[in-house]
Structures are given as structure tokens and as C-alpha cells.
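# Tertiary structure, described
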Amino acid sequence: MNRLASVITLLTISTSPLAADLGGGFDLSGNISATSEYYWRGMDQNSSAPATQGGIDLAHDYGLYFGVWTSNVNFGGGDTSQEVDYYGGFAKEISWFNFDVGMISYQYPGNTGDLEFEESYLGLGASFEPIEFGVTYYAGASAAEDALEMSIGATLLGTGFSVTFGDYDNTGDYLTVVISREVLPETWPIELALTYTEMDFEDPTTGDDDATIFSISKSF
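All figures in this text were calculated on a predicted structure; none of them were measured in a lab. (Residues numbered from 1 in each chain as written. Predicted model: local features only at pLDDT ≥ 70, side-chain atom pairs only at ≥ 80, totals over all residues. Heavy atoms only, no water.)

### Looking at the environment of Phe97
Selection rule: Where helices and strands are cited, they refer to DSSP runs of H or I of at least four residues and of E of at least two residues respectively, numbered from the N terminus.
Tracing the sequence through the fold places Phe97 in strand β8 (residues 97-107). As a C-alpha pair, Phe97 and Phe133 span 36 residues in sequence and 9.7 Å in three-dimensional space.

Laid out in C-alpha cells, this is it:
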């Protein structure tokens, strides 16, 4: 879920203030965004081109959640397709501590390569206003590699700041820095974000990758 893409993952599922109350403890929320480039774990996913993204989440008060997220992707060679991520799990916040455990399936309908894979994840977090800490371990299924991320974030004067360090097994180390701010909060709130990301590949024949990305998103 590239979700778990872009801004710091706080390891709990929080519904948008505009989320629909379906009754029985269920809430339905969604998000749409436009980004100047699509990077995931420090790697370009759309040949340095803009991407349109969006998702829908169904969550229950007990902590169970399910969702789907999608983005256009292009891995070069003219092979343009769509990424569709399906995910589900259980997340809970207890005082200053929170956790999130679940599984993601990354699907690429329309792509001629064998790119699909799955991974499970376990996230642990701690919140001490205004600072939040998180660590997430991703266990790849089949031939997929494991990954470990550590994050720290804070919101000061209405502006969010976050830094994420990641280690993707047999691939490389990556860094993501995000500055974000909500605008038009009283009328039609949207979030603007500026992201810097870089990847230091383990393979010495592969050049390091970095990008500065602007995105705009809306939750509903």
C-alpha cells in the first residue's frame, strides 16, 4: 500500500473527519492524490513521470481494516500499467503505544512481467506530543525481500515533518524526508507535501537514485 508511500506511517488506522459512518462500528474513508513523481522505498515506479493515486479503506472500531490503493506505474521499456494494492490488518492505539499488523498484495494488471508479490508487516509506534516514533518490519512472501523502516515525525505550527530510514534486503538503504501542511482547513481541506527521497543501492553497478517530489492529496 504505498500508502504505507509518501508521508510517515503512524502505524494506526485513523479515519478522515469526512469518513462515512456505516453503522455497526464501521467507517468508510478514501483518498485521492496527484504527485509529480511516484517513488517507493527510494525507487522510481513511474519513469520520473507524474502519477494519479487513490484508495478506499473500511475500518471497524475494534481495529480491523481492509483497503485498496492504486497508482499508474511505468517501469520503462514502454510497459505502462497500473499498480493495485490490496491490504488488511488489525491496528490499535493504547495510550502512547500503537501497533499495526497486516498483509499487502501488490498487483500489476496489464503488465507483461511477473511483478506481483505479497508481504506481511508489523508496525510498532509511540506518540509523545508532538513527536511520534515508529518502526515497521515487512516480511516478503515467496521470493520477495524483507524490509525494515524506522520513522520519526512531528507536527509544529500546523506543519508536519517526518524522516524515514529504510533497509531493503539485497537492494539498498533509503531515506525519505517529508514536509506537509493542510491548506483551506475550514472550507475544503487538502494536504500539500514536499518529499525528498534517495536510495543507495547495494549493487555497485546501479547508480544511486534520488528525487524531490511535490504532491497534493485529499481525504474524504
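### Notes on unusual backbone geometry
Note: most residues except glycine have negative phi, and most peptide bonds are trans. To keep things clear, this is the line we draw: Burial status follows relative accessibility: with a 1.4 Å probe on protein chains alone, a residue under 20% of its type maximum counts as buried, one over 50% as exposed, and anything between as partly exposed.
Omega for the bond connecting Glu129 with Pro130 falls within 30 degrees of zero, at 0 degrees, which places this linkage in the cis form. Secondary-structure assignment places Pro130 in the loop between β9 (117-128) and β10 (131-140). You will see that Ser47, though not glycine, has its phi angle at about 50 degrees, which is positive. Mapped onto the elements, Ser47 comes out in the loop between β4 (43-44) and β5 (51-60). In this structure Ser47 comes out as partly exposed when scored by relative accessible area, which is 38%. Positive phi, close to 55 degrees, is recorded for Leu184, a residue that is not glycine. Assignment of secondary structure puts Leu184 in the loop between β13 (172-183) and β14 (190-201). Classification of Leu184 as partly exposed rests on a relative accessible area of 46%.

### As for the side chain of Thr164
Condition: Pairs of N or O atoms are called polar contacts if they sit within 3.5 Å, as long as, within protein, a hydrogen donor faces a hydrogen acceptor (for residues adjacent in sequence, only side-chain-to-side-chain pairs). In what follows, a contact means two residues having at least one pair of non-hydrogen atoms within 4.5 Å.
As for its position among the elements, Thr164 is in strand β12 (residues 159-168). Within the structure, the side chain of Thr164 is placed 3.0 Å from the side chain of Ser151, a separation counted as a polar contact. In this structure Thr164 touches Glu149, Met150, Ser151, Tyr174, Leu175 and Thr176, once residues within four positions along its chain are discounted.

### A short note on the confidence of the model for the chain
The condition that has to hold: The predictor rates its confidence in each residue with pLDDT, a number between 0 and 100.
For the chain, per-residue confidence averages 90 on the pLDDT scale, and 89% of positions sit at 70 or higher. A low-confidence stretch, residues 3-16 (pLDDT under 50), is modelled with 44 contacts involving residues beyond four sequence positions or located in other chains.

### Quick notes on a negative patch on the surface
This is how the line gets drawn: Two joining distances apply to patches: 9 Å for like charges and 5 Å for nonpolar side chains (Val, Leu, Ile, Met, Phe, Trp, Tyr), and every residue must have over 30% relative accessible area and no salt bridge. The accessible surface values rely on the Shrake-Rupley method and a 1.4 Å probe; as for residues, cover is taken only from the protein chains in view. Any carboxyl oxygen of Asp or Glu that lies within 4 Å of a side-chain nitrogen of Lys or Arg is treated as forming a salt bridge with it. Positive residues here are Lys and Arg, negative ones are Asp and Glu, while His and the chain termini are left out of the count. Where a charge sits is defined by one atom per residue type, namely NZ (Lys), CZ (Arg), CG (Asp) or CD (Glu).
A grouping of Asp167, Asp169, Asp173, Glu198, Asp200, Glu202, Asp203, Asp208 and Asp210 is seen on the molecular surface, where their side chains present a negatively charged patch. In this structure, Asp203 sits in the loop between β14 and β15 (209-219).

### Section: the pattern of salt bridges
Under the criterion given, the structure shown has one salt bridge. Of the charged contacts, one joins Arg41 and Glu119 as a salt bridge, the two residues approaching to 2.7 Å between their closest N and O atoms. Pair noted here: Arg41 is in the loop between β3 (39-40) and β4 and Glu119 is in strand β9, with a separation of 78 residues, a long-range link. An identical accessibility class is assigned to Arg41 and Glu119; each is buried.

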